[in-house]
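# A structural walkthrough
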Amino acid sequence: ETGVTQTPRHLVMGMTNKKSLKCEQHLGHNAMYWYKQSAKKPLELMFVYNFKEQTENNSVPSRFSPECPNSSHLFLHLHTLQPEDSALYLCASSHQTGVNTEAFFGQGTRLTVV
Amino acid sequence: AQTVTQSQPEMSVQEAETVTLSCTYDTSESDYYLFWYKQPPSRQMILVIRQEAYKQQNATENRFSVNFQKAAKSFSLKISDSQLGDAAMYFCAYREYNNNDMRFGAGTRLTVKP
């Protein structure tokens, strides 16, 4: 248990559905991240939030919409996804700066788009 | 953009023996962090070891140690006395000193044979 909790663990959705992924951390971190992990590909950084402000958006399609209401919670809203969006979505958090800057990861949400 | 390369998609080691996983990275920065993460079948990404680029001494955590060659931009992980529980995907990661953008390699799948 790393202190980062993601829900749901598994999600199957149709291409016309709207769903949300949730991430929660109580580690006192001020940076939160969404990564996409597809088979046989490096982890792809999608979004970064520092102190609730989005500081990075790596050319992610608009069908993925992040939300960070406070430093402890991060959401990823999904709508009109494509089958190629099926992947493991990992949330992580870290201190923004300083010595202990490693990211702590949740267990991920396995998303299947049908 | 910084890139992280892991040239070994798969490695195997006999239980109790030693194995070295390779990682190279590309950067023009002088201050940065390097990490090795382990991802077992449970999907939880767990930090194995961390190295600050300004430190010349190689990091060590119990059976895990790194060989950090800054000039060569190489950061290999050595696992001594391998155990069955070490079987997992191992990811090398890079992060700049004042940037939350953590980049990962494609991973190396380690198998431990009893």
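Residues numbered from 1 in each chain as written. Chains lettered and ligands numbered in written order. Predicted model: local features only at pLDDT ≥ 70, side-chain atom pairs only at ≥ 80, totals over all residues. Heavy atoms only, no water.

So, about the overall build of chain A. Scanning chain A for helices and strands turns up zero helices and eleven strands. Scanning chain A from its N terminus toward the C terminus, one meets helices and strands in the order β-β-β-β-β-β-β-β-β-β-β. Here the C-alpha radius of gyration of chain A, 13 Å, is about what a compact globule of 114 residues would show, namely 13 Å. With respect to the three principal axes, the spread of C-alpha positions in chain A is 40 × 25 × 25 Å. (Helix = DSSP H or I, 4+ residues; strand = E, 2+ residues; numbered from the N terminus. Rg over C-alpha atoms; globule rule 2.2 N^0.38 Å.)

To continue, consider the overall build of chain B. Check the secondary structure of chain B and you find zero helices and twelve strands. Moving toward the C terminus, one meets the helices and strands of chain B in the order β-β-β-β-β-β-β-β-β-β-β-β. Against the globule reference of 13 Å for 114 residues, chain B gives a C-alpha radius of gyration of 14 Å, in line with a compact fold. Principal axes of the C-alpha set define a box for chain B whose edges measure 40 × 25 × 20 Å. When the 114 residues of chain B are sorted by exposure, 51% land in the buried category. Here the contacts in chain B between residues at least 6 apart in sequence split such that 55% fall between residues at least 24 apart. (Buried < 20%, exposed > 50% of the residue type's maximum accessible area, 1.4 Å probe, protein only. Contact = heavy atoms within 4.5 Å.)

Right, let's get into the nonpolar core. With 25 residues, the main nonpolar core has Y25, W36, F75, L77 and Y90 of chain B as its most contacted residues. For this core, the secondary-structure elements that each account for two or more residues are β3 (19–21), β5 (32–39), β6 (46–52), β8 (64–69), β9 (74–79), β10 (88–96) and β12 (108–113) of chain B. Per-element accounting of this core gives the leading share, four residues, to β10 of chain B. Among residues more than four places away in sequence, those in contact with Y90 of chain B are Q6, L21, W36, Y37, K38, V48, F64, L77, I79, G107, T108 and L110 of chain B. M13, M32, C68 and Y89 of chain A belong to the second-largest nonpolar core, a separate cluster that totals 22 residues. (Core = buried A, V, L, I, M, F, W, Y, C linked by side-chain atoms within 4.5 Å.)

The next thing to look at is the interface of chain A and chain B. A common measure of how large an interface is: the accessible area buried when the components associate. Opposite the 32 residues of chain A that make contact, chain B presents 21 residues. The contact between chain A and chain B buries some 2,100 Å² in all, and 45% of this surface belongs to carbon and sulfur atoms. Here chain A and chain B share one salt bridge between them. Between E102 of chain A and R50 of chain B there is a salt bridge, with its nearest N and O atoms 2.4 Å apart. Here chain A and chain B share eleven residue pairs in polar contact (both at pLDDT 80 or more) between them. Counting only elements with at least two residues in the side of chain A that touches chain B, the list comes to β4 (31–37), β5 (44–50), β9 (87–94) and β11 (109–113) of chain A. (Buried area = accessible area lost by both parts, 1.4 Å probe. Salt bridge = Lys/Arg side-chain N within 4 Å of Asp/Glu carboxyl O. Polar contact = N/O pair within 3.5 Å; in protein donor to acceptor, adjacent residues only side chain to side chain.)

Our focus in this paragraph is the environment of H77 of chain A. All names here are of chain A. Along the polypeptide, H77 turns up in strand β8 (residues 73–79). Along the sequence, H77 and R63 sit 14 residues apart, while their C-alpha atoms lie 8.0 Å from each other. Every residue in contact with H77, bar those within four places of it in the chain, is listed here: K19, S20, R63, F64, S65 and E67. Among the polar contacts listed, one links the side chain of H77 to the side chain of S20, at a separation of 2.6 Å.

Here the focus is the packing of aromatic side chains. Aromatic ring pairs are reported here in terms of the distance separating the ring centres and the angle at which the planes meet. Taken as a whole and judged by the stated rule, the model has 15 aromatic pairs over all chains. Where Y25 of chain B meets Y32 of chain B, the ring centres are 5.3 Å apart and the plane angle is 65°; that geometry is what we call edge-to-face. What makes Y32 of chain B buried here is its relative accessible area of 3%. One aromatic cluster is present, formed by Y33, Y35 and F105 of chain A together with Y33, F35, Y37, Y97 and F104 of chain B through successive ring pairs. (Phe/Tyr/Trp six-rings, centres within 6.5 Å; stacked < 30°, edge-to-face > 60°.)

What follows deals with the side chain of S82 of chain B. Within the element layout of this structure, S82 of chain B appears in the loop between β9 and β10. Excluding anything up to four places from it in sequence, S82 of chain B contacts V13, Q14, E15, A16, E17, T18, V19, R63 and V112 of chain B.

The next thing to look at is the state of the cysteines. Residue and element names in this part refer to chain A. Under the counting rule described, the total for this entry stands at two disulfides over all chains. Note on cysteine connectivity: C23 is disulfide-linked to C91, with sulfurs 1.9 Å apart. Residues C23 and C91 are joined through a disulfide that is left-handed, its torsion about the S-S bond being -75°. Taken as a pair, C23 in strand β3 (residues 18–25) and C91 in strand β9 lie far apart in primary sequence, 68 residues in all. With respect to class, C23 is no different from C91; both count as buried. C91 supplies the cysteine sulfur nearest to C68, a cysteine that is in no disulfide, at a spacing of 9.1 Å. (Disulfide = S-S within 2.5 Å.)

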